[in-house]
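Here is how the chains run, residue by residue.
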Amino acid sequence: MFFSLKNFMIQILLVINIGSIVNTFIAIFFYALSVKLIYCQGEKEEHIVIDQQIIQKKQAGEFAATLITDGMIVGLGTGSTVRFFIEALAAKINNEGLNITGVTTSNKTSSLAKSLGIKLASVDEVPMIDLTIDGADEVDHQLNGIKGGGAALLFEKIVALNSKKNIWIIDESKYHEVIGQFPLPVEVVPYGSHHLLKKFLAADMQPTFRRTATGERVTTDVGNYIIDLHLNRIEYPQSLAYFLEQTIGVVEHGLFLKTVDEVIIGGNQPTLISNTKP
Ligand SMILES: O=C(CO)[C@H](O)[C@H](O)COP(=O)(O)O
């Protein structure tokens, strides 16, 4: 009797244990399923946001092409948004037989424009550029901008400063109250660049050398390095620009202040924001 009661108790305990193990597995299964569902949902939303950005870039680029008229000398910026503009411009030149001269801001843009048959000249071969269409990485409500995500900031600034009018084309995710979320690119001479990095580090600017996917330092079209400053919020862009311009070894920085005349934000009806500041 004693033995059979003991056996009975063991059986009960086994059943309870097996039950709890099964329950644990079921719980783990449903937990994993819910994590996967949340993850997939997040991924899907991220894709929708990215798709939306690409659509707006295309809308802004194509709208900018409608502003180009016969005989213009046109500054051609760099980047994925400008690519849409250049493609639309090349089609317009072909369809309407326009005489357009492009002035490019990078080797990448030169190759693209040449491949599409756009006539090119260097900035020194033209008296003045009529209109430059470029992208931007971030723009604030005063139309200060951060540029250089494509490492072309030096030529972009030279072309912008030699243009009668500058227009940036962006998607709405780049338009913020204050700039600084996008890391600020600073183009530096390789010689002494480690000391510059330490200087920026000491100034709490969170600097990093920009690197390629394979880990090499990114070099610009003229062989300089890019140091990105992770500042998060740039409250006083003018003072920061002044500090960087006084720093030996800095060739150029990505703060484009009082440069742009209009910003086009892509949309079904693109939004045009004019710079009203003198
Ligand atoms: O400044 C730039 C390149 O130096 C680009 O204009 C900027 O990075 C925007 O690029 P995208 O249109 O690909 O978002």
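Anything mentioned here points back to the structure above.
Summary of the structure given here. (Residues numbered from 1 in each chain as written. Predicted model: local features only at pLDDT ≥ 70, side-chain atom pairs only at ≥ 80, totals over all residues. Heavy atoms only, no water.)

All right, on to unusual backbone geometry then. Leave glycine aside and you will find that most residues have negative phi; peptide bonds, for their part, are mostly trans. Even without being glycine, Gln206 reaches a positive phi, approximately 45°. Here Gln206 lies in the loop between helix H5 (193–202) and strand E9 (207–209). The phi torsion at Lys258 lies on the positive side, around 50°, for a residue other than glycine. Judged by its relative accessible area of 60%, Lys258 falls in the exposed class. (Helix = DSSP H or I, 4+ residues; strand = E, 2+ residues; numbered from the N terminus. Buried < 20%, exposed > 50% of the residue type's maximum accessible area, 1.4 Å probe, protein only.)

Considered as a void within the structure, the largest pocket measures approximately 530 Å³ in volume. Every residue lining the largest pocket is counted, 32 residues in all, and those nearest its centre are Thr78, Gly79, Ser80, Gly149 and Gly150. At the level of secondary structure, the elements contributing two or more residues to the lining of the largest pocket comprise helix H2 (80–96), helix H3 (107–115) and helix H4 (153–161). Sort the elements by how many residues they give to the lining of the largest pocket and H2 lands first, with five residues. (1 Å grid on protein atoms, 1.4 Å probe; cavity = no way out; pocket = protein on both sides within 12 Å on 5 of 7 lines; lining within 4 Å. Points joined across faces, edges and corners; volume = space filled by probe spheres on them.)

Applying the stated criterion across every chain yields a total of nine salt bridges. Residue Lys147 is joined to Asp134 by a salt bridge in which the shortest nitrogen-to-oxygen separation is 3.0 Å. Of this pair, Lys147 sits in the loop between strand E6 (145–146) and H4 while Asp134 sits in strand E4 (residues 129–134), and the two are 13 residues apart along the sequence. Several salt bridges converge on common partners, so that one network encompasses Asp134, Lys147 and Glu156. (Salt bridge = Lys/Arg side-chain N within 4 Å of Asp/Glu carboxyl O.)

What follows deals with the site of the ligand. Around the ligand sit 17 residues in total, of which Ser80, Thr81, Asp137, Gly148 and Lys174 are the nearest. In the model, an oxygen atom of the ligand is placed 2.5 Å from a nitrogen or oxygen of the Thr81 side chain. Interatomic distance of 3.4 Å between a backbone N/O atom of Gly135 and an oxygen atom of the ligand. Its free accessible area being 380 Å², the ligand has 91% of it covered by the protein chains. Its atoms largely coinciding with the cavity grid, the ligand occupies the largest pocket. Residues belonging to the shell around the ligand are distributed by class as follows: three nonpolar, eight polar and six charged. (Near = heavy atom within 4 Å. Polar contact = N/O pair within 3.5 Å; in protein donor to acceptor, adjacent residues only side chain to side chain. Areas by Shrake-Rupley, 256 points an atom, 1.4 Å probe, with all protein chains shown as cover. Sits in = over half its atoms within 2 Å of the grid points. Nonpolar A, V, L, I, M, F, W, Y, C, P; charged D, E, K, R; others polar.)

Fair warning: the whole summary comes from geometry, so function is off the table for now.
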